[in-house]
Amino acid sequence: MTEHAPPPAPRNEDTPALPDALRDAPMSQGMAVPYITLAHRDRSDRPAWGNVDTIRLREVLERALCQICGTPLGEQVILFILPSDFRQGLTVEPGLHPACAEYSARACPLLAGRMHRYHRHPAQRLTRCADPRCHCWGWVPPRPDPARDGAPTEAWYELRLPLSEYRVITVPGADNRPAVTGIDLKTPRLMRRIRKIRDAAQPSQRERDPLAMLLVVGVLFAGTDQ
């Protein structure tokens, strides 16, 4: 689901129903393990929550697959985006089927509002196992991200796109900033396609949220062409 998002799992009474696409998905701690989550060969055994399998991520982007179930996206695609994504014009989160997105919004602790900070040390979840056929021996810890590791979460938004506007782009690196590949957020009628799914963890973050301002404008000009 979201980068850096680990357990806790939802309480039993809050556990969302699995969509059909996830009926046979590996499960861990009461949650379906997303297709792009880094995991051992037995994907139900201690997935490295919050860490992304870069090989599967590349496959998902190149073949337009759902990041949760790993099957081809349909005509409608859901993106989970942050205000910081909007500022840079792309999101590193691949798209989801609407049903997988609905499940994720309830199951993922960050999206569901049960967790308010990103994990401080996501590399700690890169535990090795005893299976000689598992690729965990080659796992490389992610680079520290001072702007994200342990930081309070921003607001999260859901953006609905037609598949025809789902475009993978790369923003070139500059100085000490590496190149970033993700989904283009330059889409028409943005205000009519976006909704907030959780607030930022800290009130001060809300004052710097360009997407919140867009939503206000959208309400003021409801009924007019965007």
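Worth saying up front: this structure is predicted, and the values here are computed from it rather than measured.

Q: It is not clear to me how the nonpolar core should be interpreted in this structure. Could you clarify?
A: Buried together is how nonpolar side chains tend to be arranged in soluble globular proteins. Counting residues in each nonpolar core, the largest one holds 43 residues, and the members touching the most others are L22, L79, F80, I81 and L159. Discounting chain neighbours no more than four positions away, the residues touching I81 are T91, A155, W156, Y157, L159, L185, I194 and L211. Judged by nonpolar contacts, the second largest core, of six residues, contains L38, A48, C134 and C136.

Q: Please explain the sheet that holds strand 6 (residues 168-171) as it appears in this structure.
A: Hydrogen bonding along the main chain pairs the strands of a sheet, whether they run parallel or antiparallel. Reading across the sheet, the three strands line up as 4-7-6 and stay open at both edges, with antiparallel pairing between neighbours. At either end of the open sheet lies a strand with only one pairing partner, and these are strand 4 (90-91) and strand 6. Examined bridge by bridge, strand 4 and strand 7 (residues 180-184) share two bridges and lie antiparallel to one another. Residue pairing across strands places T91 opposite I183, the latter belonging to strand 7.

Q: Teacher, can you tell me more about unusual backbone geometry here?
A: For residues that are not glycine, phi is negative in most cases, and the peptide bond is trans in most cases. Here the phi dihedral of Q29 falls at roughly 55°; this positive angle occurs in a residue that is not glycine. Topologically, Q29 is positioned in the loop between strand 1 (27-28) and strand 2 (31-32).

Q: In this structure, what is going on with the pattern of salt bridges? I would like to understand it.
A: In this structure the tally under the stated criterion is seven salt bridges. The salt bridge involving R167 is made with D184; its shortest N-O contact spans 3.5 Å. Within this pair, whereas R167 is found in the loop between strand 5 (156-162) and strand 6, its partner D184 is found in strand 7, the two being separated by 17 residues in sequence. Exposure remark for D184: the relative accessible area of 9% places this residue in the buried category. D199 serves as the salt-bridge partner of K196, at 3.1 Å between the closest nitrogen and oxygen. K196 gets classed as partly exposed once you look at its relative accessible area, which sits at 31%.

Q: Can you help me understand the pairing of strand 7 in this one?
A: In summary, the side chains of a regular strand alternate between the two faces of the sheet. When you tally the buried positions in strand 7, you get four out of five residues, the bulk of the element. Sheet analysis places strand 6 next to strand 7, joined by four bridges and oriented antiparallel. Of the residues in strand 7, the one forming a bridge with I169 is G182.

Q: Would you mind going over the sheet that holds strand 5 with me for this structure?
A: The strand order across the open sheet built from three strands is 3-5-8, with neighbouring strands paired in antiparallel fashion. Strands at the two margins of the open sheet, each flanked by one partner only, are strand 3 (76-81) and strand 8 (194-198). Adjacent strand axes in the sheet meet at a mean angle of 30° when their direction is disregarded. With four bridges connecting them, strand 5 and strand 8 associate as antiparallel partners. Within strand 8, the position partnered with L159 by the bridge is I194. With respect to the sheet, helix 3 (residues 98-107) is in contact with strand 3 and strand 5, its orientation differing from that of strand 3 by roughly 30°.

Q: Can you help me understand the side chain of E165 in this one?
A: Within the secondary structure, E165 is located in the loop between strand 5 and strand 6. Here E165 falls in the buried class, since its relative accessible area comes to 15%. If we ignore the near neighbours within four places in the chain, the residues touching E165 are T187, P188 and R193.

Q: What is the right way to look at helix 1 (residues 54-63) in this model?
A: Every α-helix winds through 3.6 residues per turn, so residues three or four apart in the chain are directed the same way. Capping the start of helix 1 is the job of one residue whose side-chain oxygen sits 3.1 Å from the backbone nitrogen of I55: D53. Of the residues trailing helix 1, A64 is marked for its positive phi of about 55°.

Rules and cut-offs
- Residues numbered from 1 in each chain as written.
- Predicted model: local features only at pLDDT ≥ 70, side-chain atom pairs only at ≥ 80, totals over all residues.
- Heavy atoms only, no water.
- Core = buried A, V, L, I, M, F, W, Y, C linked by side-chain atoms within 4.5 Å.
- Buried < 20%, exposed > 50% of the residue type's maximum accessible area, 1.4 Å probe, protein only.
- Contact = heavy atoms within 4.5 Å.
- Pairing = 2+ DSSP bridges.
- Helix = DSSP H or I, 4+ residues; strand = E, 2+ residues; numbered from the N terminus.
- Salt bridge = Lys/Arg side-chain N within 4 Å of Asp/Glu carboxyl O.
- Axes fitted to C-alpha atoms, helices over the stretch in contact; angles between N-to-C directions.
- Polar contact = N/O pair within 3.5 Å; in protein donor to acceptor, adjacent residues only side chain to side chain.

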